[in-house]
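# A look at the structure
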Amino acid sequence: MKKLTLAVAVAGALVAGTANAYNIGQAATGLLVPNVIHNGAADTTTVGIVSRNAGTVYWVFFDMDSMHVTDGQFKVTANDQHNFVWAAEAGIGLEGERGYLVFTLDTDNDGVIADSDAIGYMTGNAFQVNTAAKDVAFLPTLGLVANADLSAGVAAAATSDYVLPVALSTMQGGSVQSARLSAVQAGDRIDLRYFIDNKTGGDDTVLAFWTADEMPAPIVWTVDMYDNAQNRKSVNFPLVNDNLNFINVEDIAGRPANFLDGFLNVGVPAFNTLTPGLRTTTDNCPNPYAHSATGTVTANCVGGVITYSVISSPSFGAVQTLIGTHN
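The present account deals with the structure reproduced in this document. Keep in mind the model is a prediction, meaning the values are calculated, not measured. (Residues numbered from 1 in each chain as written. Predicted model: local features only at pLDDT ≥ 70, side-chain atom pairs only at ≥ 80, totals over all residues. Heavy atoms only, no water.)

## Notes on the overall build of the protein
- Helices and strands together make up the secondary structure of the protein, namely two helices and 20 strands.
- In the protein, which comprises 327 residues, the proportion classed as buried is 52%.
- On the protein, roughly 13,600 Å² of surface is accessible, and the fraction owed to carbon and sulfur atoms is 54%. (Helix = DSSP H or I, 4+ residues; strand = E, 2+ residues; numbered from the N terminus. Buried < 20%, exposed > 50% of the residue type's maximum accessible area, 1.4 Å probe, protein only. Areas by Shrake-Rupley, 256 points an atom, 1.4 Å probe, with all protein chains shown as cover.)

## A short note on the sheet that holds strand E19 (residues 318-323)
- The antiparallel open sheet is built from four strands, whose spatial order is E16-E13-E18-E19. Where the open sheet ends on each side, the last strands, each with one partner, are strand E16 (244-248) and E19. For this sheet the average axis-to-axis angle between neighbouring strands, irrespective of direction, equals 20 degrees.
- As defined by bridge partners, strand E13 (residues 204-211) adjoins strand E18 (residues 305-313) across eight bridges and the pair is classed as antiparallel. Note that in E18 the partner of Ala208 across the bridge is Tyr308. (Pairing = 2+ DSSP bridges. Axes fitted to C-alpha atoms, helices over the stretch in contact; angles between N-to-C directions.)

## Focus: the pairing of strand E4 (residues 68-76)
- Examined bridge by bridge, strand E3 (residues 55-63) and E4 share eight bridges and lie antiparallel to one another. Bridge pairing in E4 places Gly55 opposite Val76.
- Between E3 and E4, which pair antiparallel and follow one another directly, the connecting turn spans four residues, one of which, Ser66, has a positive phi of 65 degrees.

## Looking at the side chain of Thr159
- Along the chain, Thr159 turns up in the loop between strand E10 (142-144) and strand E11 (166-167).
- What makes Thr159 buried here is its relative accessible area of 11%.
- Sequence-distant contacts of Thr159, that is, excluding residues within four places in its chain, are made with Val145, Asn147, Ala148, Arg180, Val297, Thr298 and Ala299. (Contact = heavy atoms within 4.5 Å.)

## Considerations on the side chain of Ser309
- Looking at the secondary structure, you find Ser309 in strand E18.
- Note on Ser309: relative accessible area 1%, which makes it buried.
- Only 2.6 Å separates the side chain of Ser309 from the backbone oxygen of Arg193, close enough to count as a polar contact.
- Ignoring anything within four residues of it in the chain, the contact list for Ser309 reads Leu192, Arg193, Thr205, Val206, Leu207, Gln320, Thr321 and Leu322. (Polar contact = N/O pair within 3.5 Å; in protein donor to acceptor, adjacent residues only side chain to side chain.)

## Re the state of the cysteines
- One pass over the full model with this rule turns up one disulfide.
- The disulfide that involves Cys285 links it to Cys301, with 2.0 Å between the sulfurs. Across the S-S bond of Cys285 and Cys301 the torsion is about 75 degrees, and the bridge reads as right-handed. Of this pair, Cys285 sits in the loop between strand E17 (261-267) and E18 while Cys301 sits in the loop between E17 and E18, and the two are 16 residues apart along the sequence. Judged on exposure class, the residue Cys285 and its partner Cys301 are both buried. (Disulfide = S-S within 2.5 Å.)

## Thoughts on the environment of Gly40
- Following the sequence through the fold, Gly40 ends up in the loop between strand E1 (30-36) and strand E2 (43-51).
- Residue classification places Gly40 among the buried positions, given a relative accessible area of 17%.
- Taking the C-alpha atoms as reference, Gly40 lies 8.4 Å from Gly96; in sequence the two are 56 residues apart.
- Contact partners of Gly40, with chain neighbours within four places excluded, come to Ala87 and Glu95.

Structure follows, in structure tokens:
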């Protein structure tokens, strides 16, 4: 009974204050899986893709600094479902290397998406499967648009997350200039939950950040940290990689030892992708996407952030993924 009560209490602590703040699940031409790793077939990222149109899905694996590492492709039919297991697709030498995947559906099979090209749509879900721990952890995925009018049938360079034209098998990190479906703008506030116990192998939280901007790493963000009694402390943490970063909450310098359950208030800075390190307002994108051609869409947006907490707790008996909320 005590163990059950504790598990219920932990579940309540993890869920409190969380909501889906991103347009996750929206069909789009591309799909971002922001955190990908395998340590053999027993511990690997898996992705299930549903394609609404026939064509070729091209994928690229980037490292944490958005360097193109390897790529491939597979055919799909209309209303197709394809299972992608990273341990089986990675090839030799990538065991233990963390990065991210970008999938893109090409309906005319020529390997290029250019302005005004016909586009297709797909969706996807991702998980980190660890058979030894008997655990399946949810990984948020985000659609990448070739046209921010989500009902459009052709690509639009002015509102695409991709820099068009883009050769899908030779994409670089800079080929993706924005993540409009994240709807995160410069100046937004992101709240990230944490749950820790200051013990090795106990209750732990890792914060994951993927940014469309190529940030001038290393860079230090100053954030406000709160416990569950509204006490506040300003702390810093470094983002050492250009695009994909992880912060262990227990390692944050200056954190009060009794801040064990709460959230971090992260103010999103502005970065200019053309001049790395220059703080501007160019990330602001008041109307990042629209569900019909009659909607207003902001042209030439850059930026976008997807961030979440990965909380592991022996008392809860599983790894939980909590998406950062924002406005």
